[in-house]
Amino acid sequence: MAATRFLSHITIFNSKNSNLYSITILAILCTIFYLIGIWQHSLGPIPNSSSSPVSGFLSSSPCYSLHTAQLDFMPHHLPHDPTPATARVPHFPPCNISFSEYTPCEDARRSLTFDRDMLIYRQRHCPEKNELLKCRIPAPYGYKVPFRWPESGEFAWFANVPHKELTVEKKAQNWVKVEGEKFRFPGGGTMFPRGAGAYIDDIDKLINLKDGSIRTAIDTGCGVASWGAYLLSRNIIAMSFAPRDTHEAQVQFALERGVPALIGVLASIRLPYPSRAFDMAHCSRCLIPWDNYDGIYLIEVDRILRPGGYWILSGPPINWENHWKGWNRTADDLKAEQSRIETVAKSLCWKKIVQKGDIAIWQKPTNHIHCKATRKVFKRPRFCQTQNPDMAWYTKLEKCLTPLPQVSEIKEIAGGQLPKWPQRLNAIPPRISSGSLTGLTGNNFVENTELWKERVAYYKNIDYQLAQTGRYRNLLDMNAYLGGFAAALVNDPVWVMNAVPVEADQLNTLGVIYERGLIGTYQNWCEAMSTYPRTYDFIHADSIFSLYKDRCDMEDILLEMDRVLRPEGSVIIRDDVDVLLKIKKIIDVMQWEGRIADHEKGPHEREKILFAVKQYWTAPPLAPKHDQ
């Protein structure tokens, strides 16, 4: 037992000695390596010698002081990084003053390269993409904010439309006069020397203009649009148009007055309006050859005229018996022209209801039951077979009669009866109630109407100028859909041009807008609008940039908006927040002041609203001419 304990003590002793020996050896080796490290850093590079006991562990590369060594963490032996693309900063300087009245799609120099037959050269011919201006159209020096409505109906600033041609050419007809710094519009016209008001009173004695059955009208060859201006007091809104011709500023004067108008001409393509749009069409010495080309221009008027609508003609050849000498034409010539017009009107199944003095009025039938029967007598024009009657963007005119919707009996109005104004504004339009617009129901229409009442109220809470009565007069809605924006403003002293993009042709809603008693036009926003610079006080753009994101450049649409917007005019753009952020970067270099606000439903909606104002700026004054 004692021997066992003794052997155990010896084993423990040996084990302790062994551990002590190992620790001692380890300490010696650590000391040696530490000393070698100090020696290496103090003496510089160590020669690469195979005899050195540490040659396998130490690099032959020189080592430097830890205080000065630079560590390189970059990857090596990789291809060079590409040069980063320089971010394009948009730059849109002012255009030359010579462009102050530039209308891109009615440019006179370009138009002269086109055929003069059927006035083709005067219709729309837009620049190619590489011809688009990348500058901002200047207002003329001295430009002033237009007079407020209704004063603007009578006055305009000369500096805004510095043209005296009409005051000279139409001096005897009392169209427009210069009075100091202002133009005054007495309401005269070629065929209404007593003034437009008295002329309209004469029409009112022949057809009822007061009972609300006539709301939308079109004035072809409108002059300075006095007819349309004086109809507004009767709650009739007219789409006035005239070409850009030798009377430099006809349509521009109309717009400056606060009267709806577009540059346009009856030529070889359809007018940019849907079928059955207008309750009344008017021509007062508009110089359109109604009897030429197999009556194709009257056929186009028939397309856009509502069932039961009226066509009014004054001027040659009406009342030729009393005017032929003053018109410098022979009596036989004028008599033959009127006979040809009467024949075309009969072939369209129109009924001449009255001719009194200088005014003649025809009425379109309310349906085509009898008209189809008369095709045995009138072989021409035949009824159109295939073409969409509402397709009217660069659509060629055809010598065929647009058929009215089918009816079941002779007293039924084709397409549906419209309530009288103002009830028709919010009544469900027949194009919707009939189901002709796929997927659109009466409930959709009512909901949309209420939605835009809420949205416009929200706009007015943020944009105090929109809420200010009379601050704006001419408004443009670039994507009008059902006209809800315009309908919500109906009690304000404004008018709205409701544009329906042709890219939205899967649901062509412009006919609905006209059935509501509003006006509008088709438009492709990759092209310029047929209007002068500084047409509108206010522009509304709902989802336009999302609609056109793959079709044309955002900056070109914004430059077109800038062209047609007046100095100190406002813009509201609704769109996805990412789209609005891109727009904001562009307008910041266009002399617009803008801010992005939340959707009316709150900050969690991706759709936001951009409010912007175009700052006031004009072309510099012209340098004085020095004597040579």
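Our subject is the structure listed above.
Keep in mind the model is a prediction, meaning the values are calculated, not measured.

## What to know about the sheet that holds strand β2 (residues 177-179)
Phase 1 of the analysis: Ordered in space as β1-β3-β2, the 3 strands form an open sheet in which the pairing is antiparallel. Either end of the sheet is taken by a strand with one partner, and the two such strands are β1 (155-157) and β2. The mean angle between the axes of side-by-side strands here comes to 35 degrees, regardless of whether they run parallel or antiparallel.
Phase 2 of the analysis: Two elements, β2 and strand β3 (residues 182-184), share 3 bridges in a ladder whose sense is antiparallel. From the neighbouring strand, Lys177 faces β3, where its bridge partner is Arg184.

## Observations regarding the packing of aromatic side chains
Phase 1 of the analysis: Per the counting criterion, the structure on display carries 20 aromatic pairs.
Phase 2 of the analysis: Both rings, one in Trp311 and one in Trp362, keep their centres 5.1 Å apart while their planes meet at 40 degrees; by these two values the pair is tilted. Placement of Trp311 in strand β8 (residues 305-314) and of Trp362 in strand β10 (residues 359-363) is noted, with a sequence separation of 51 residues between them.
Phase 3 of the analysis: An aromatic cluster of three or more residues is present, and its members are Trp452, Tyr459, Tyr472, Phe485, Phe538 and Phe611.
Phase 4 of the analysis: The cationic tip of Arg136 hangs over the ring face of Trp617; the distance from NZ or CZ to the ring centre is 4.8 Å.

## Focus on helix α17 (residues 554-564)
Phase 1 of the analysis: With 11 of 11 residues buried, α17 is to be regarded as a mostly interior element.
Phase 2 of the analysis: Of the surrounding elements, those touching the buried residues of α17 are β16 (536-542), α16 (544-547), β17 (565-576), α18 (577-587), β18 (592-597) and β19 (607-614).

## Remarks on the sheet that holds strand β15 (residues 520-523)
Phase 1 of the analysis: The strand order across the open sheet built from 7 strands is β15-β14-β13-β16-β17-β19-β18, with neighbouring strands paired in mixed fashion. Either end of the sheet is taken by a strand with one partner, and the two such strands are β15 and β18. If you compare each strand with its neighbour and ignore which way they point, the axes differ by 15 degrees on average.
Phase 2 of the analysis: As judged from the 4 bridges shared by strand β14 (residues 495-501) and β15, these two strands associate in the parallel manner. Within β15, the position partnered with Asn498 by the bridge is Gly520.

## Describing a nonpolar patch on the surface
Phase 1 of the analysis: A cluster of nonpolar side chains, contributed by Ile25, Ile28, Leu29 and Ile32, occupies part of the molecular surface with about 320 Å² of accessible area.
Phase 2 of the analysis: Tracing the chain through its elements places Ile28 in helix α1 (residues 2-43).

## Notes on the pairing of β19
Phase 1 of the analysis: A large share of β19 lies buried, amounting to 6 of its 8 residues.
Phase 2 of the analysis: Strand direction decides the pairing type here: β17 and β19, joined by 7 bridges, are antiparallel. By the bridge assignment, Ile573 is partnered in β19 with Leu610.
Phase 3 of the analysis: Judged from the 6 bridges that link them, β18 and β19 form a sheet pairing that is antiparallel. What sits directly across from Arg595, in β19, is Phe611.

## Observations concerning the pattern of salt bridges
Phase 1 of the analysis: For the structure shown, the criterion picks out 37 salt bridges.
Phase 2 of the analysis: Here Glu600 ties to Arg455 by a salt bridge, and the two come within 2.8 Å at their closest N and O atoms. With a gap of 145 residues between them, Glu600 in the loop between β18 and β19 and Arg455 in helix α12 (residues 442-462) connect regions that are remote in the sequence.
Phase 3 of the analysis: Between Arg574 and Glu607 there is a salt bridge; the shortest N-O distance is 2.9 Å. Here Arg574, found in strand β17, pairs with Glu607, found in strand β19; they are 33 residues apart in sequence, far enough to count as distant.
Phase 4 of the analysis: The exposure class of Arg574 is buried, given its relative accessible area of 0%.

Reading guide: rules and limits
Residues numbered from 1 in each chain as written. Predicted model: local features only at pLDDT ≥ 70, side-chain atom pairs only at ≥ 80, totals over all residues. Heavy atoms only, no water. Pairing = 2+ DSSP bridges. Helix = DSSP H or I, 4+ residues; strand = E, 2+ residues; numbered from the N terminus. Axes fitted to C-alpha atoms, helices over the stretch in contact; angles between N-to-C directions. Phe/Tyr/Trp six-rings, centres within 6.5 Å; stacked < 30°, edge-to-face > 60°. Lys NZ or Arg CZ within 6 Å of the ring centre and 35° of its normal. Buried < 20%, exposed > 50% of the residue type's maximum accessible area, 1.4 Å probe, protein only. Contact = heavy atoms within 4.5 Å. Patch = residues over 30% accessible without salt bridge, like charges linked within 9 Å, V, L, I, M, F, W, Y side chains within 5 Å. Areas by Shrake-Rupley, 256 points an atom, 1.4 Å probe, with all protein chains shown as cover. Salt bridge = Lys/Arg side-chain N within 4 Å of Asp/Glu carboxyl O.

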